[in-house]
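Structural features, examined
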Amino acid sequence: MVVKDENSERSLELFLKIGLDERTARNTIANNKVTANLNTVIQEAGVNDGCSRVVGNLLYTVATKFPGNALKHRPTLLQYVVSSKIKTPAQLEAALSYFGNVGLDEFPVSEFEEVCGVGVEVSAEEIECTVTEVFEESKHAILEQRYRTNVGDLFAQVRKRHPWADPKTVKQVIEAKLYGLLGEKTPADNEKPSKKKKDKPAKVEDQVSVVDTPSVPSPEEEINPFSIFPPPEENFKVHTEIFFSDRPVLRACNTKELLEKHLKATGGKVFTRFPPEPNGYLHIGHAKAMFIDFGLAKERDGGCYLRYDDTNPEAEKKEYIDHIEEIVQWMGWKPFKITYTSNYFQDLYDLAVELIRRGHAYVDHQTPEEIKEYREKKMNSPWRDRPIAESLKLFNEMKLGMIDEGKATLRMKQDMQSDNYNMYDLIAYRIKFTRHPHAGDKWCVYPSYDYAHCIVDSLENITHSLCTLEFETRRASYYWLLDALGLYQPYVWEYSRLNVTNTVMSKRKLNRLVTEKWVDGWDDPRLMTLAGLRRRGVSADSINAFVRGIGITRSDNSLISLDRLEYHIREELNKTAPRTMVVLHPLKVVITNLESVMDLDAKRWPDAQTDDASAFYKVPFTNIVYVERSDFRVKDSKDYYGLAPGKSVLLRYAFPIKCTEVIYGDDKETVVEIQAEYDPSKTTKPKGVLHWVAQPLPGVDPLKVEVRLFDKLFLSENPAELDDWLGNLNPRSKEVTSEAFAVGSLGSAAVGDKFQFERLGYFVVDPDSTPEKLVFNRTVTLRDSYFKGGNK
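To start, this report covers the structure provided alongside it.

About the cut-offs
Residues numbered from 1 in each chain as written. Predicted model: local features only at pLDDT ≥ 70, side-chain atom pairs only at ≥ 80, totals over all residues. Heavy atoms only, no water. Pairing = 2+ DSSP bridges. Helix = DSSP H or I, 4+ residues; strand = E, 2+ residues; numbered from the N terminus. Axes fitted to C-alpha atoms, helices over the stretch in contact; angles between N-to-C directions. Contact = heavy atoms within 4.5 Å. Buried < 20%, exposed > 50% of the residue type's maximum accessible area, 1.4 Å probe, protein only. Salt bridge = Lys/Arg side-chain N within 4 Å of Asp/Glu carboxyl O. Right-handed = clockwise from strand over helix to strand, strands pointing away. Core = buried A, V, L, I, M, F, W, Y, C linked by side-chain atoms within 4.5 Å. Expected span 1.5 Å × (residues − 1). Arc of directions from axis to C-beta.

Structural notes on the sheet that holds strand β19 (residues 624–628)
Strand order in this open sheet of 7 strands is β23-β20-β21-β22-β16-β19-β24, and the pairing throughout is mixed. Each edge of the open sheet is held by one strand with a lone partner, namely β23 (689–690) and β24 (693–694). In this structure, strand β20 (residues 648–651) lies alongside strand β21 (residues 656–664), joined through 3 bridges in antiparallel fashion. The partner of S648 across the bridge, within β21, is K658.

Here is the structure:
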């Protein structure tokens, strides 16, 4: 950024003097409000000539977070900061919380200092002693998890006992203790799945960055993600400041009376809501929303509403409503109550009438094109200042169906000169002569999302209204409307939406993929819809673990690598999916020196104990077996572990075999059969290990199954950025093998059963299966090491 004027230059110089790094200083100058606040804080603190970086960072926090309802106490706090009586972020956070509660009231200094740990010194010896105690209490778990131990949890336990301890010292002592207990990291500690080479995305402007996340989650991911949210009783602080062009700043907050009424209704419990529109199937982004909304309520022993945001009767279908309720339950969440925005249509209408009476809404006759033009020019509608009585009469006529669709809307009278586009007199009601799926034919006027969402939040006494960052600019409108109607105001917090590589998440694009038959329905296993992931064999636990690992952050404009989701899927399936053997592209092997049929034990689990019969399944070993066609080469090489003329391999759970002859087809090139001899004494020790399937009886083919192999749906990591995004579809995203051979024990598999096909990946039985033929979907591949004969 270029600093354009003299005031900005002076501010930049001042911010650098107090120790801010240049990037933070320049970003601060880009925000006029923060710049003004920080300049004032520096003046009040008397550090115009500069200060240490530690003090400067604390001053920056004061400038950005000091509660607006307690500004008279800010100079007092600043003196504690510059004198180093308050010197850590933890102390400062405690102080900010204290003043937020105190407001403009006077306060006892001794109480304030006790709350903020003023004068409390925690020695290095005390920290060392406490860390040792924590390690002793958690020693068993640490030794078991080694360097994957939840360091954040250890840190939290120490801070709980010594809240004012220096965090850097605590961190250093914990790291030293870990090293002393565990020693150097072993290869297993450092092991990560090998990264696949990523496709080079098409060149586009404002490209979204891909988060190169490690496949193994960091310890910080296990910290309670809901600790950032305040309790309901603290919802009296200023939510946001709304700046107007023609009136004073509105500092939106609950009055004492409103908050007391709310807390009486809720019993002080947390209430959240998950509010999907019933106009499509839910995708993995909704899984993150569910985790946050239902997860916070569950963690605080509260409740989460499943609320259908059904304000648009043209887009909603019962199919989607039924799907949403079923998939929420599948994800492991239990709604406190299922509601519809349409349940509140009468309340919403009555409040709209009240909004008109208070002079905050008017009936408008502009066309959508005129509204757009006037907003772009920041011009008021010609009907903005019509008499209140006239708007009340017209709004009633809209409700009675006396005005044609498109000829009138009800708009909120906000601020057409605002810097926030979402304060440009948003539409509250529009006319639609469409039957509503839930409310029937009662209404022909329907509320907009911007009008209904915040009011229903208030009517349902929602404590925490949580949404994705694209709604952040709507926060001003949200609180303006509740303030204008004198309604209780929930706590609003925005988080980054979940975007995953090599797919699209917009409902419009997903709908197009489905309706234009680019995929096989909403539950196509290649889609990131929750129905698609379930059909692919991904569990709700894996999805929730993935979402929890990402965390509840506000870092926007980023993509999460698909590899990270696959890590969590493998972690679960490795523990829950029994092993079995399937050959996708069979090549016949005739064992010339085997005359009898043997029944061999094959392991369902890599650590199967010999005395546990359930950990094994029987496989017949006959003189005709089938191996993967790709596991044979006519020409051998040193780095090849498969079968070749004159070379031996080990058949998994069976015997070594050696290729003695190759039989070609009529074209003299295609290999149609291998002849081999087996080593009954197992004295041969080949490096290569192959999976295989045998004829169960002479002349009887093995169990024939269909196998569907799925890959990334799009070639680009971020296809949504491309103009021709459909042209980026991966032509090999689905490959079907109809003539695969499986061991006989798979014949009893049921829809939804999951298995590890040795050396091939994890698979699930698809609903397309019939009694005559099973169909398997590949959920995810194995790690690369499994393709070198080293599979477990």
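Structural notes on the sheet that holds strand β10 (residues 445–447)
Read across the open sheet, the 4 strands follow the order β7-β8-β9-β10; overall the sheet is antiparallel. The open sheet terminates on both sides in strands that have one partner only, identified here as β7 (361–364) and β10. When strand polarity is set aside, the average angle formed by the axes of neighbouring strands in this sheet is 20 degrees. Sheet analysis places β7 next to strand β8 (residues 409–412), joined by 4 bridges and oriented antiparallel. Its bridge partner lying in β8, Y362 is registered against R411. Its contacts with the sheet put helix α19 (residues 449–459) on β8, β9 (427–431) and β10, and the angle it makes with β10 is roughly 60 degrees.

Some words on the environment of F471
As for its placement among the helices and strands, F471 is situated in the loop between β11 (464–468) and α20 (475–485). Judged by its relative accessible area of 22%, F471 falls in the partly exposed class. Each C-alpha atom, one on F471 and one on Y495, is 9.5 Å from the other, the two residues being 24 residues apart in sequence. Setting aside residues no more than four positions away along its own chain, F471 makes contact with Y449 and E494.

A short note on the pattern of salt bridges
This structure, assessed with the given rule, holds 47 salt bridges. The closest approach of N and O atoms between E93 and K65, which form a salt bridge, is 3.5 Å. Pair noted here: E93 is in helix α6 (residues 89–102) and K65 is in helix α4 (residues 53–65), with a separation of 28 residues, a long-range link. The salt bridge involving D768 is made with R708; its shortest N-O contact spans 3.0 Å. In this pair, D768 sits in the loop between β28 (761–765) and β29 (775–780) while R708 sits in strand β25 (residues 703–710), placing the two residues 60 residues apart along the sequence. Among the residues examined, D768 registers a relative accessible area of 39% and is labelled partly exposed. A single salt-bridge network, built from bridges that share partners, covers D523, R535, E706, R708, D766 and D768.

Concerning the pairing of strand β5 (residues 303–308)
Residues in a regular strand project their side chains so that they alternate between the two faces of the sheet. In terms of residue burial, β5 counts as a mostly covered element, since 6 of its 6 residues are buried. Judged from the 4 bridges that link them, strand β4 (residues 271–274) and β5 form a sheet pairing that is parallel. Its bridge partner being in β5, R273 is matched across the sheet by Y305. Between the parallel elements β4 and β5, the chain passes through helix α14 (residues 284–299) in a crossover that is right-handed. Both β5 and strand β6 (residues 337–340) contribute to a ladder of 4 bridges, which runs parallel. Looking across to β6, one finds that Y305 is bridged to K337. In this fold, the crossover linking β5 to β6 by way of helix α15 (residues 318–330) has right-handed handedness.

Description of the nonpolar core
Residues F621 and W692 are the most contacted members of the largest nonpolar core, which totals 52 residues. Setting aside chain neighbours within four positions, we find F621 in contact with I591, L594, S596, V597, M598, L600, L651, A654, F655, Y678, W692 and A694.

Here we look at unusual backbone geometry
Positive phi values are uncommon outside glycine, yet S84 reaches one of about 65 degrees. Residue placement: S84 occurs in the loop between α5 (74–82) and α6. Look at N461: it is not a glycine, yet its phi comes out positive at around 55 degrees. With respect to the helices and strands, N461 occurs in the loop between α19 and β11.

Points about helix α11 (residues 167–182)
Given 3.6 residues per helical turn, the α-helix brings residues three or four places apart onto the same face. An ideal rise of 1.5 Å per residue puts 22 Å on 16 residues; α11 measures up with 22 Å between its terminal C-alpha atoms. Of the residues making up α11, those classed as buried are V170, V173, I174, L178 and L182. All buried residues of α11 project into a common sector of 145 degrees when viewed along the axis, lining one side. Among the exposed residues of α11, those oriented more than 90 degrees off its buried face are K168, Q172 and G180. Close packing links the buried residues of α11 with α8 (124–137), α9 (139–145) and α10 (151–161). Looking at the residues trailing α11, positive phi occurs at G183, about 75 degrees.

Some details on helix α3 (residues 32–45)
For α3, spanning 14 residues, the distance from its first C-alpha to its last is 20 Å, which sits close to the expected 20 Å at 1.5 Å a residue. In the core, the buried residues of α3 are packed alongside α1 (6–17), α2 (22–29), α4 and α5. Positive backbone phi, at 70 degrees, marks G46, one or two positions downstream of α3.

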